[in-house]
Amino acid sequence: MIVFRDPREVPAGFGPSVVAIGKFDGVHSGHRAVIDRAMVDAAASGARVVAVTFDRNPLALLRPEICPESLVGVEQKLRLLADAGVDATLMLTFDRALADLGAREFVEHVLVGALGVRIVMVGADFRFGRGGAGNPDLLREMGAEFGFEVDVVDDVRAIDAGRRVSSTWVRELLDAGDVTGATRLLGRPHAVRGEVVHGLKRGRELGFPTANLSADLEGFVPAEGVYAGWLVDEGVPGDGASVPRSSVRYPAAISIGTNPTFDDVKVRQVEAYVLDETDLDLYGHVVEIEFVSRIRGMVAFEGIEPLIEQMNDDIDRVRHELAGPAGSAHPSAHP
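Reading the values: rules and limits
Residues numbered from 1 in each chain as written. Predicted model: local features only at pLDDT ≥ 70, side-chain atom pairs only at ≥ 80, totals over all residues. Heavy atoms only, no water. Pairing = 2+ DSSP bridges. Helix = DSSP H or I, 4+ residues; strand = E, 2+ residues; numbered from the N terminus. Axes fitted to C-alpha atoms, helices over the stretch in contact; angles between N-to-C directions. Core = buried A, V, L, I, M, F, W, Y, C linked by side-chain atoms within 4.5 Å. Buried < 20%, exposed > 50% of the residue type's maximum accessible area, 1.4 Å probe, protein only. Contact = heavy atoms within 4.5 Å. Patch = residues over 30% accessible without salt bridge, like charges linked within 9 Å, V, L, I, M, F, W, Y side chains within 5 Å. Areas by Shrake-Rupley, 256 points an atom, 1.4 Å probe, with all protein chains shown as cover. Salt bridge = Lys/Arg side-chain N within 4 Å of Asp/Glu carboxyl O. Lys, Arg positive; Asp, Glu negative; His and termini not counted. Charge placed at Lys NZ, Arg CZ, Asp CG, Glu CD. Parallel < 35°, antiparallel > 145°, perpendicular 65-115°, else oblique. Left-handed = near helix turned anticlockwise from the far one by under 90°. Nonpolar A, V, L, I, M, F, W, Y, C, P; charged D, E, K, R; others polar. Phe/Tyr/Trp six-rings, centres within 6.5 Å; stacked < 30°, edge-to-face > 60°. Lys NZ or Arg CZ within 6 Å of the ring centre and 35° of its normal.

Visitor: Explain the sheet that holds strand 3 (residues 48-54) here, please?
Guide: Sheet strands associate in pairs through backbone hydrogen bonding, adopting either a parallel or an antiparallel arrangement. As summarised here, the arrangement of the six strands in space is 1-4-3-2-5-6, forming an open sheet in which the pairing is parallel. The open sheet has two free edges, formed respectively by strand 1 (2-4) and strand 6 (149-153), since each of these has just one partner strand. Within this sheet the neighbouring strands show an average axis-to-axis angle of 20°, counted without direction. As judged from the three bridges shared by strand 1 and strand 4 (residues 88-92), these two strands associate in the parallel manner.

Structural data, given as structure tokens:
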């Protein structure tokens, strides 16, 4: 997938293109419905499929007090868009200049001038341009002027709940620790991604060495607790081993919390014990941790022995979860 960070990076004559526009936070099943429709239209017309998205939620600039935490980081979003089949992504920096760009200027300079758009795919609640003045109706008017069509894609709704699939719903599930429910909406396990750093080495002392992720990781961190999942090792950035095709996937017991038994961790941390691996050196590696199911909540134990006993039980349950349909249904996929 080609990635552009600015419309000026798009080479002349790049189009024609079918463009899907949105925040694409999480690239959930609703977002992929838009992309899938774009792929069908592009195949019929010989055009490229282009996603136009932003490096942050626009509310982070416009209304930071109500801006929700993103489900994925920028690099995660780009990988997910590539996995969805997008040919190119224009990742716009949502700064004051972009926020002040008028709806007509956005269409004329970005969609038409840079991308040579023939069809624009948006959701029914799509807004664009300064002050959110643009909507699908205005986009259709401009399409008649500039020679492109507008296709408004209906919401995707969950069969069992009848609720629109949205990033807000996914966040609610993750906040409750329901990573299994989040998987159903996302169409894949939710994941966080970051560099493995040195911790207090408490797990190693107990016989369960863990890979601790840095605090500036990408992705929404679920509720505190113990989870079954997978650790995908992408290698050390820049050494050639981080090419996604050569990544290694390990079964893992994942802990999120502040270590209440010892009360010596001040902020929530994400750490993963790779099953049956005691000498695995992942320091400095970038890893992605995929959540399959929640084993239990986080509790404090009265002493080391009860904690170790519980950890052994957790690992048995993790093995069982990963051996079942939920644990094996989704192989790790990277562009």
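Next, the rest of the story.
Visitor: Explain the nonpolar core to me, please; I cannot follow it from the model alone.
Guide: Across soluble globular proteins, nonpolar side chains show a tendency to be buried alongside one another. By size, the foremost hydrophobic cluster in this structure holds 50 residues, and its most contacted members are Met121, Val192, Leu231, Ile254, Val270, Ile289 and Phe291. Setting aside its immediate chain neighbours within four residues, Met121 contacts Val18, Val19, Ala20, Ile21, Val34, Arg37, Ala38, Asp41, Asp151 and Val153. Counting 30 residues, the second-largest nonpolar core is a separate cluster that includes Val19, Leu90, Phe94 and Val150.

Visitor: Hey, could you run me through a negative patch on the surface in this one?
Guide: A cluster of acidic residues, Glu305, Glu309, Asp313 and Asp316, forms a negative patch on the protein surface. With respect to the helices and strands, Glu305 occurs in helix 10 (residues 304-323).

Visitor: Can you help me understand the pattern of salt bridges in this one?
Guide: Any two side chains of opposite charge can pair if their charged atoms end up close together. For the coordinates displayed, the defined rule picks out 16 salt bridges. One salt bridge connects Arg193 with Glu218, and the closest N-O pair in it is separated by 3.1 Å. Residue Arg193 is located in strand 7 (residues 191-197), and its partner Glu218 is located in the loop between strand 8 (211-213) and strand 9 (225-233); the two are separated by 25 residues in the primary sequence. For Arg193, a relative accessible area of 14% translates into the label buried. Here the salt bridges do not stand alone but share partners, grouping Arg79, Arg193, Glu218 and Glu234 into one network.

Visitor: How should I be thinking about the packing of helix 7 (residues 167-175) against helix 8 (residues 179-186) in this particular structure?
Guide: Running from N to C, helix 7 and helix 8 point in directions that differ by 160°, and their axes come no closer than 8 Å. Here helix 8 runs roughly antiparallel to helix 7, going by the angle between their axes. The handedness of the crossing between helix 7 and helix 8 is left-handed. Of the residues in helix 8, those in contact with Trp169, Val170, Leu173 and Leu174 of helix 7 are Val179, Gly181, Ala182, Leu185 and Leu186. In terms of residue class, the contact of helix 7 with helix 8 is made up of eight nonpolar, one polar and no charged.

Visitor: What exactly am I supposed to notice about the environment of Cys67 here?
Guide: Following the sequence through the fold, Cys67 ends up in the loop between helix 2 (59-62) and helix 3 (74-83). Along the chain, Cys67 and Asn57 lie 10 residues apart, while their C-alpha atoms are 7.3 Å from each other. Discounting residues that sit within four places of it in the chain, Cys67 has contacts with Asn57, Leu59 and Ala60.

Visitor: What am I meant to see in the packing of aromatic side chains here?
Guide: In this description, an aromatic ring pair is defined by two values, namely the gap between the centres and the angle between the planes. Enumeration according to the criterion identifies six aromatic pairs in this entry. Note on Phe4 and Phe14: the rings are 5.4 Å apart at their centroids and 90° apart in plane angle, and the pair reads as edge-to-face. Of the two residues, Phe4 sits in strand 1 while Phe14 sits in the loop between strand 1 and strand 2 (17-21), which places them 10 residues apart along the sequence. Residue Phe4 is classed as buried on the basis of its relative accessible area, which comes to 6%. Arranged with centres 6.0 Å apart and planes meeting at 45°, the rings of Phe106 and Phe128 form a pair that is tilted. With Phe106 in helix 5 (residues 103-114) and Phe128 in the loop between strand 5 (117-123) and helix 6 (136-146), this pair connects stretches of sequence that are 22 residues apart. Phe128 shares its class with Phe106; the two are buried. A network of ring pairs unites the aromatic residues Phe106, Phe126 and Phe128 as a single cluster. The residue whose ring lies beneath Arg249 is Trp230, and the NZ or CZ to ring-centre distance is 4.2 Å.

Visitor: It is not clear to me how the pairing of strand 12 (residues 286-296) should be interpreted in this structure. Could you clarify?
Guide: Side-chain positions along a regular strand alternate between the two faces of the sheet. Strand 12 sits mainly inside the fold: 10 of its 11 residues count as buried. Here strand 7 runs beside strand 12; their pairing, made up of five bridges, is antiparallel. What sits directly across from Glu195, in strand 12, is Val286. Where strand 9 and strand 12 come together, eight bridges link them in antiparallel fashion. By the bridge assignment for strand 12, Ala228 is matched with Ser293.

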